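One-letter residues, chain by chain:
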Amino acid sequence: MEANIVTTTPFNDQKPGTSGLRKKVRTFQQPHYLENFVQAIFDTQDGLVGGTLVVGGDGRYYNREAIQIILRMAAANGVATALVGQGGILSTPAASCIIRKYRTQGGIILSASHNPGGPDEDFGIKFNIGAGGPAPESVTAAIYARTREIDRYLTIDADPIDLDQIGAATLGAMRVEVIDAVADYAALMESLFDFNAIHQLFNSGAFRMCFDAMHAVTGPYAVEILENRLGAPPGTVINGTSLPDFGGGHPDPNLVHAHAIVELTQGAGGLDFAAASDGDGDRNMILGKGCFVTPSDSLAILAANAHLTPGYSQGVAGIARSMPTSQAADRVAEALGVDCFETPTGWKFFGNLLDAGRITLCGEESFGTGSNHVREKDGLWAVLFWLNLLAARHLSVAEILGEHWVRFGRNYYTRHDYEGVDSAAAEGLMDHLHRLLPDLPGYQLGAYRVAYADDFSYTDPIDGSVATGQGLRIGMEGGSRIVFRLSGTGTAGATLRVYIEQYESDPARHHEPVQEALGPLILIARELAQIEARTGRNAPDVVT
Ligand code: VG1
Ligand code: CO
């Protein structure tokens, strides 16, 4: 079948952010908008011609339409085979799993992750490379450069593929295989964790949990793994039906947006364990009875206990965390005698370290944890890891957490987000801080003396690539830190993220309310950045 060559002109706003291109649905629905970006992928990723491409998304509004457009374009561009998740669904970690397992040349994942969905909300697209992970900056830069000069794209005339029936079909000269979206991922999880021990934990009758899929992509994965394979009681997974608008909510597993399960763990009758995942299934929130495990602590705890699980019985080769993530993992790495890497925000920066075998586990403060099993962060994986630990150690979540702090000290940690801030005001605030940086070292801020202040840049230890402008760090003597950055995943205005951390070695002081323990540093951050004067906000929108 002949490809149609469609004339187009560039859009000037197709630069991928922290995790792909995210825009309002209506932006993507403009004529040629999605097509231009997709063609830029095909024009720059030669391996796809004659190769295999994985396609799937988080099921949000416009997912199915986008997949049909992408499949027709893939056929026109000479892709030999497309593997598509049934119903157009693939969680982000499942997509990574499938790209790797079938040794494909890459994948296109349709998701705006934790951002709301629906006709007036967000959509997103990103390209993952053959190793299974998000495209590194060199690739996203090439795709972006291509979008700036694109003048045509290729497609074919063809009827839509039936995405709901598992099986093979042809589209032009391309083979399309609609595959089970869950099976390969579930098999991978079964190979990593002690499913018998977790099964027994559920059977004991003394353990009650809840998993909130937030009406997003993890519903079918969680039902299959937790309820069908591990024997958790039916109803353990709540909000398990994927909906195109996520039921109108923010599919963001944090203390604010997943508040319902926080309440389920409170009080005398509280659940022993609760967890949630986000829109595309790569984030996780971990709760125990009356307690919340910060993602930074979770990474450190998984690393310290990894040897108790079958998949990581050899221990960890190294750990990496994104720069704003607390330094709790660094202490574990030191105790284990392995390297700990500090990378810029975004999972794409972990790929080379994982591929090179330099790290086994990695994580971000933004509810992201993962390992070398795929090349994305993985929500359900983290939940299963915790369940494996609970089953192996016969301790509660709070006991594991408390014991970890006694052994390693506690890194008190919080993130304050100011959302929908005027972009110029946010840039002005960052410029202002930038100008302060050179004078800060040695300066006394309240009870803290500044040890260093810089604009974080990172040189990849494997390929030497350099990423600059990755956030402003102000480090105090003794290890406390304040970090400022602007979000790279939003679709309207700017989001200012302020990350605050303080180390406490004394176990007698490990149980203070977090916002109080960090109160003085929070105040310093607000004043230093002139947040209220510059943004008009006297409090953050989201505190995690
Ligand atoms: C946020 C998080 C970052 C994460 C990214 C993608 O980015 O801070 O840690 O990697 O989202 O996660 P930003 O630039 O908004 O701070 V997801 O689950 O949205 O793909
Ligand atoms: Co996500």
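As the structure is a prediction and not an experimental result, all values here were calculated from the model.

1. Section: the pattern of salt bridges
All told, the structure shown has 32 salt bridges when counted by the stated rule. Here Asp-122 ties to Lys-24 by a salt bridge, and the two come within 3.0 Å at their closest N and O atoms. Note that Asp-122 is positioned in strand β6 (residues 122–129) and Lys-24 in strand β2 (residues 21–24), a separation of 98 residues in sequence. Here Asp-122 falls in the buried class, since its relative accessible area comes to 3%.

2. Some points on unusual backbone geometry
If you check the backbone angles, Arg-103 has positive phi at about 45° while not being a glycine. In this structure, Arg-103 sits in the loop between α4 (92–101) and β5 (106–110). We classify Arg-103 as exposed; its relative accessible area is 71%. Of note in this structure, Gln-530 is not a glycine but carries a positive phi near 50°.

3. Notes on the site of ligand 1
Near ligand 1 lie 20 residues; those nearest to it are Thr-18, Ser-113, Ser-366, Gly-488 and Thr-489. One of the side-chain N or O atoms of Asp-278 is found 3.1 Å from an oxygen atom in ligand 1. A distance of 2.8 Å separates an oxygen atom of ligand 1 from a polar atom in the side chain of Arg-283. Residue composition of the shell around ligand 1, by class: no nonpolar, 10 polar and 10 charged.

4. Brief notes about the domain arrangement of the protein chain
Domain boundaries assigned for the protein chain yield domain 1 (4–181), domain 2 (185–408) and domain 3 (410–543). The straight-line distance from the C-alpha centre of domain 1 to that of domain 3 is 35 Å. Between domain 1 and domain 3, the residue contacts involve 10 residues of the former and six residues of the latter. Each partner contributes to the roughly 550 Å² buried at the junction of domain 1 and domain 3, and carbon and sulfur atoms together form 44% of this total. A per-residue breakdown of the area domain 1 buries against domain 3 is headed by Thr-18, Arg-22 and Glu-137, which together make up 56% of the total. Across the contact surface, domain 1 and domain 3 share zero salt bridges.

5. Digging into helix α6 (residues 183–192)
Taken together, the buried positions of α6 are Asp-184, Tyr-185, Ala-186, Leu-188, Met-189 and Leu-192. Against α4, α7 (195–203), α8 (218–229) and α13 (379–393) lie the buried residues of α6.

6. Comments concerning the sheet that holds strand β26 (residues 494–504)
Judged by pairing direction, the sheet is antiparallel, and its seven strands sit side by side in the order β20-β21-β24-β25-β26-β19-β27 without closing on themselves. With one partner strand each, in any of the chains shown, β20 (444–445) and β27 (542–543) form the two edges of the open sheet. Here strand β24 (residues 472–476) pairs with strand β25 (residues 481–486) via four bridges, running antiparallel. By the bridge assignment for β25, Ile-474 is matched with Ile-482.

7. Some thoughts on α7
The set of residues buried in α7 consists of Phe-195, Ile-198, Leu-201 and Phe-202. Buried residues of α7, viewed axially, fall in a sector of 115°; they line one side. Among the exposed residues of α7, those oriented more than 90 degrees off its buried face are Asn-196, Gln-200 and Asn-203. As for α7, its buried residues are in contact with α6, β10 (209–212), α8 and α13. Looking one or two residues past α7, Gly-205 carries a phi angle of roughly 80°, positive in sign.

8. Quick look at the pairing of strand β9 (residues 174–179)
Within a regular beta strand, the side chains point alternately toward one face of the sheet and then the other, so they alternate between its two faces. One ladder, built from five bridges, connects strand β4 (residues 81–89) with β9; its direction is parallel. Across the sheet, residue Ala-82 finds its bridge partner in β9, namely Val-176. The pairing of strand β8 (residues 167–171) with β9 spans five bridges and is antiparallel. Paired with Ala-169 across the bridge in β9 is Val-176. Between β8 and β9, which pair antiparallel in sequence order, lie two residues; one of them, Gly-172, sits at a positive phi of approximately 60°.

9. A closer look at the nonpolar core
Residues Leu-226, Phe-273, Trp-381 and Leu-387 are the most contacted members of the largest nonpolar core, which totals 73 residues. When residues of this core are assigned to their parent elements, the largest contribution, 11 residues, is made by α13. There are two domains that each give this core at least three residues, and those are domain 1 (4–181) and domain 2 (185–408). In this view, Leu-387 contacts Ile-198, Leu-201, Phe-202, Phe-207, Met-209, Leu-226 and Phe-273; residues no more than four positions away in its chain are not counted. Formed by 44 residues, the second largest nonpolar core is a distinct cluster that contains Ala-40, Ala-66, Ala-74 and Phe-123.

Analysis parameters
- Residues numbered from 1 in each chain as written.
- Chains lettered and ligands numbered in written order.
- Predicted model: local features only at pLDDT ≥ 70, side-chain atom pairs only at ≥ 80, totals over all residues.
- Heavy atoms only, no water.
- Salt bridge = Lys/Arg side-chain N within 4 Å of Asp/Glu carboxyl O.
- Helix = DSSP H or I, 4+ residues; strand = E, 2+ residues; numbered from the N terminus.
- Buried < 20%, exposed > 50% of the residue type's maximum accessible area, 1.4 Å probe, protein only.
- Near = heavy atom within 4 Å.
- Polar contact = N/O pair within 3.5 Å; in protein donor to acceptor, adjacent residues only side chain to side chain.
- Nonpolar A, V, L, I, M, F, W, Y, C, P; charged D, E, K, R; others polar.
- Domains from an automatic or database assignment.
- Contact = heavy atoms within 4.5 Å.
- Buried area = accessible area lost by both parts, 1.4 Å probe.
- Pairing = 2+ DSSP bridges.
- Arc of directions from axis to C-beta.
- Core = buried A, V, L, I, M, F, W, Y, C linked by side-chain atoms within 4.5 Å.

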